[in-house]
Amino acid sequence: MTVFTEDEQSSSVLALAEAHRIPLPHDCRAGDCGVCAIDVLTLSGRMLGSCLSEKEKHRLFAIGKITPEEIYRAEASDVAPRYRLACQFIPRYEDVLVRFSGGIRRA
């Protein structure tokens, strides 16, 4: 499914999915659980806004979706990591392909 948003809109991928009735597993909406981990591929060149919150870095690392090297590249060179949390990632001014990568489910 293709979803278009306004450039000024600041909605997370999870909020956009919900607004368009696209099922995307999640448990918390706050970056704590990791269930909403997504695989993000930029289709328009370099991805902007690769800034990761401390919570997102910790959770993605804990579920094996990001390495310390990828965290460093995101911080030092603004190189977007492949995996993000749908509840935290806000795409801006770029075309991206998002695939649910199957985060971790809490028991």
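The model shown is predicted, which means the values in this text are computed figures rather than measured ones.

What counts, and at which threshold
Residues numbered from 1 in each chain as written. Predicted model: local features only at pLDDT ≥ 70, side-chain atom pairs only at ≥ 80, totals over all residues. Heavy atoms only, no water. Salt bridge = Lys/Arg side-chain N within 4 Å of Asp/Glu carboxyl O. Helix = DSSP H or I, 4+ residues; strand = E, 2+ residues; numbered from the N terminus. Buried < 20%, exposed > 50% of the residue type's maximum accessible area, 1.4 Å probe, protein only. Phe/Tyr/Trp six-rings, centres within 6.5 Å; stacked < 30°, edge-to-face > 60°. Lys NZ or Arg CZ within 6 Å of the ring centre and 35° of its normal. Polar contact = N/O pair within 3.5 Å; in protein donor to acceptor, adjacent residues only side chain to side chain. Contact = heavy atoms within 4.5 Å.

Caption draft 1: Region of the structure containing the pattern of salt bridges. For the structure shown, the criterion picks out 7 salt bridges. Glu75 serves as the salt-bridge partner of Lys57, at 2.2 Å between the closest nitrogen and oxygen. Residue Lys57 is found in helix H2 (residues 54–62), and its partner Glu75 is found in helix H3 (residues 68–77); the two are separated by 18 residues along the sequence. Residue Lys57 is classed as buried on the basis of its relative accessible area of 8%. Salt bridges sharing partners connect three or more residues here, namely Glu54, Lys57 and Glu75.

Caption draft 2: Structural context of the packing of aromatic side chains. A full pass over the atoms with the stated rule returns 0 aromatic pairs. Above the face of the Tyr83 ring, Lys65 is positioned so that its terminal group lies 4.8 Å from the ring centre.

Caption draft 3: Local environment of the side chain of Arg84. Its location among the elements puts Arg84 in strand S2 (residues 83–85). Residue Arg84 is classed as buried on the basis of its relative accessible area, which comes to 2%. Polar side-chain contacts of Arg84 include one of 2.9 Å to the side chain of Glu56.

Caption draft 4: Quick peek at H2. All of the buried residues along H2 are Glu56, Lys57, Arg59 and Leu60. Looking at the buried side of H2, the elements it contacts are H3 and S2. Gly64 sits one or two positions beyond H2 and adopts a positive phi of about 75°.

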